[in-house]
Amino acid sequence: MSLIAVAALAAALQTAPAGIHRYEALTLSPDGSRTSTFELVNGSSHPVVTIRNAQGAIVATSDPCATCHYGDAAWSPDGRALAVVAADDKAGMQSVYVVEGGNVRLLATLKGTLDAVRWSSDGKSIAVLAVENPHKLVGATQAGAKQVGEIGIAEGIDEQRIAVVPAAGGALKMVSPGDTWVYEYDWTPDGQGFVATAAKGDGDNNWWTARLESFTLSGESRVIAAPDMQMNYPRMSPDGKIVYIIGGLMSDFPISGGDVFAVPFNGGKPINLTPGYKGTFTSLVSTRGGLLASLVTGGEVGLAHVDIRGVTPLSHAEISMSAGDARFAADASGKTMAAVEESFDAAAHIVRGPLSAPVAITHDNDALKPEYVAKSVAWSNEGFTVQGWLMGPKTEPGKTYPMVTIVHGGPSSAVTARFTTGGTAVDLVKAGYFVFQPNPRGSYGQGEAFVLSNRRDFGGGDLRDILTGIDAVEKIAPVDDKRLGIMGHSYGGLMTMWTVTHSQRFKAAVAGAGIANWSSYYGENGIDQWMIPFFGASFYDDPAIYDKLSPIRYIKDAHTPTFIYVGERDVECPAAQSLEFWHGLKAMGVPVSLVVYEGEGHGIRAPEHARDVTTRTVGWFDKYLK
């Protein structure tokens, strides 16, 4: 249920703020000597394919489609060519281009969507994930298709399939089954097939029941494993004998987090390589030098080697990392990495170098300074170590400040250190607020037991963690306990609704795309399969737990003024849930406001709508906390 962080495809659609240099979808050449990115400079809205050498100097640029934005890229095995996915939204077409030296050629075009471009090991074929003539944009956080006419018929269900095209040119051929949605995939080392996470039916809804499967170029398929957990990042070992995956309890595709498992390619039970590890693994890269993983540990992000002997940490820092195929990129030998890195204090820059000690090779954003002060906060509660982030203004002696707690989406997710130039958190700090962003139980960063600890307990231990965290903050910062606000989106919206019906500590609240009534929600949303791992059963089999955890059941205990917003066509948290909570607060005489944003899905994506949410949010807290 979390609001997915803006991926390269969506990010390229947005205008870069003046003065910000943005690097999207980073890749590293197989020999580690060059990076590729899609870059936006000084307020530009159109990215440019940019290739840099090991020192960060630009050695080539390309713009295959001046009317497109770019979504994904991949180097050929010999490092001579770069395959690039481009989307022309006005035409509804997406294409694969091959950039080689100074030459650009159009390889394939589809009326629909293309993503996750991959070269075969011999460099003779290129694969992509393809959706032909989709009814909506790919992903459950996108605005849903209009619900008119007969619902649920096969003609209304999109299919995402693995498609292959010869690198020398030719027709795009679908090779995975037509009734199966493929979420992620990797070539087998022999170039004759793929491993993938896949499920029958609606792609928005069935990731939580996806299986690990094998598909061949000739159309054969088989199930490798069907574990009772969510899976991400299927990656083949170089010898073709093992499939590595990240497995665990996860909220939303593709936000991954869990333990690392090894699965025999011929089939068998997944073997946990990282049992009990006090951290969350978030992406995988398989290299000749072994398996590499990114991970979150407490408030830090880093890299590690993982094998049957366990975990060997390589790096950790209070940063965030991103790349195109994973959170980081690595060369074929597994000795060199690259990523786009940022922190609360430093804006985005490319780092490259040894796994344990990469260095910055770009400096376009070095002059940018944060408009806030930020620090990590850790506390203990009920046997757990919990972590969060505190942002605030420069303080004046003797003065106290209001504070807003922002609960992240998920719950299987985590807030990590990111440089922020705008948005609700920064605007609140500019307006004189402290902003607290906790990672309570259910979040990534403390191990899988911590993630699992709020199953069937939304609003229980996680709320106690948040309240204890606020106590910890008040001991180190001049926060006025009588001027506290709370807000969140998705799971954070649910937690806001739950909090105002279970605590009188907060004087104002903002609930974005929340869930008021789990019972009615089960029949309204487009992703009911996600609820089974978190509730243990469907609503039809165990209605009592759904009823017990519904904020609307406690509406008579609500007294906190609340601003509510939601997207009109939200698949994950339908607008009816926000309307139900608005109606309840209104009936109780609680000050309340509800805005439904036209055409929006789970993420409020239109710039004018996003600005309106921020303006209304800051105004709401100003009204009740100042």
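Residues numbered from 1 in each chain as written. Predicted model: local features only at pLDDT ≥ 70, side-chain atom pairs only at ≥ 80, totals over all residues. Heavy atoms only, no water.

A. Focus on the overall build of the protein. Helix and strand counts for the protein come out as ten helices and 36 strands. Relative to the compact-globule value of 25 Å for 626 residues, the protein shows a C-alpha radius of gyration of 24 Å, a close match. The proportion of buried residues among the 626 residues of the protein is 59%. Roughly 23800 Å² of accessible area belongs to the protein as shown, and the carbon and sulfur atoms make up 52% of that amount. Computing the positive centroid from 50 side-chain charges and the negative centroid from 65, the protein places the two 3 Å apart. (Helix = DSSP H or I, 4+ residues; strand = E, 2+ residues; numbered from the N terminus. Rg over C-alpha atoms; globule rule 2.2 N^0.38 Å. Buried < 20%, exposed > 50% of the residue type's maximum accessible area, 1.4 Å probe, protein only. Areas by Shrake-Rupley, 256 points an atom, 1.4 Å probe, with all protein chains shown as cover. Lys, Arg positive; Asp, Glu negative; His and termini not counted. Charge placed at Lys NZ, Arg CZ, Asp CG, Glu CD.)

B. Examining helix α9 (residues 575-587) more closely. For α9, spanning 13 residues, the distance from its first C-alpha to its last is 18 Å, which sits close to the expected 18 Å at 1.5 Å a residue. Here α9 has its buried residues at Ala-575, Gln-577, Ser-578, Phe-581, Gly-584 and Leu-585. The inward-facing, buried residues of α9 abut α5 (491-500), α6 (518-524), β35 (562-567) and β36 (592-597). Gly-589 sits one or two residues past α9 and shows a positive phi near 80 degrees. (Expected span 1.5 Å × (residues − 1). Contact = heavy atoms within 4.5 Å.)

C. Examining the pairing of strand β31 (residues 401-407) more closely. In terms of burial, β31 is a largely internal element, seven of the seven residues being buried. Burial along β31 is two-sided: the residues Tyr-401, Met-403, Thr-405 and Val-407 and Pro-402, Val-404 and Ile-406 are all buried. Pairing analysis gives six bridges linking β31 to strand β33 (residues 479-489), with the strands arranged parallel. Residue pairing in the sheet places Met-403 in a bridge with Leu-484 of β33. Where β31 lies against strand β32 (residues 434-439), three bridges are found, and the strand directions are parallel. Bridge pairing in β32 links Val-404 to Val-435. The handedness of the β31 to β32 crossover, carried by helix α2 (residues 424-430), is right-handed. (Pairing = 2+ DSSP bridges. Right-handed = clockwise from strand over helix to strand, strands pointing away.)

D. Expanded view of the sheet that holds strand β19 (residues 271-272). Strand order in this open sheet of four strands is β16-β17-β18-β19, and the pairing throughout is antiparallel. The open sheet has two edge strands with one neighbour each: β16 (230-236) and β19. Here six bridges tie strand β17 (residues 242-248) to strand β18 (residues 259-264), and the two strands are oriented antiparallel to one another. Note that in β18 the partner of Val-243 across the bridge is Val-263.

E. The pattern of salt bridges, seen in detail. Inspection of the entire model under this criterion finds 22 salt bridges. One salt bridge connects Glu-371 with Lys-430, and the closest N-O pair in it is separated by 3.3 Å. In this pair, Glu-371 is assigned in the loop between β28 (359-360) and β29 (373-381) and Lys-430 in helix α2, connecting sequence segments 59 residues apart. According to the relative accessible area criterion, Glu-371 is partly exposed, its value standing at 44%. In this structure Lys-430 comes out as partly exposed when scored by relative accessible area, which is 47%. (Salt bridge = Lys/Arg side-chain N within 4 Å of Asp/Glu carboxyl O.)

F. The packing of helix α4 (residues 461-476) against α5, seen in detail. Close contact between α4 and α5 brings their axes to 11 Å; oriented N to C, the two are set at 80 degrees. In terms of their interaxial angle, α4 and α5 are classed as roughly perpendicular. Residues Asp-462, Leu-463 and Ile-466 of α4 form the contact with α5, whose own contacting residues are Tyr-491, Met-495, Trp-498 and Thr-499. Here the contact of α4 with α5 is composed, by residue class, of five nonpolar, one polar and one charged. (Axes fitted to C-alpha atoms, helices over the stretch in contact; angles between N-to-C directions. Parallel < 35°, antiparallel > 145°, perpendicular 65-115°, else oblique. Nonpolar A, V, L, I, M, F, W, Y, C, P; charged D, E, K, R; others polar.)

G. Local environment of the nonpolar core. The biggest cluster of nonpolar side chains holds 93 residues, and the ones touching the most others in it are Met-403, Phe-458, Trp-518, Trp-530, Phe-535 and Phe-581. Tyr-433, Phe-563, Trp-620 and Phe-621 belong to the second-largest nonpolar core, a separate cluster that totals 29 residues. (Core = buried A, V, L, I, M, F, W, Y, C linked by side-chain atoms within 4.5 Å.)

H. Spotlight on unusual backbone geometry. A cis amide bond links Phe-253 to the next residue, Pro-254, at an omega of 5 degrees. Tracing the sequence through the fold places Pro-254 in the loop between β17 and β18. Cis geometry marks the peptide bond from Gly-410 to Pro-411, where omega comes out at 10 degrees. With respect to the element layout, Pro-411 can be found in the loop between β31 and α2. Phi is positive for Ala-116, close to 55 degrees, though the residue is something other than glycine. Looking at the element boundaries, Ala-116 is found in strand β8 (residues 103-119). A positive phi angle, close to 60 degrees, is found at Arg-456, a residue other than glycine.

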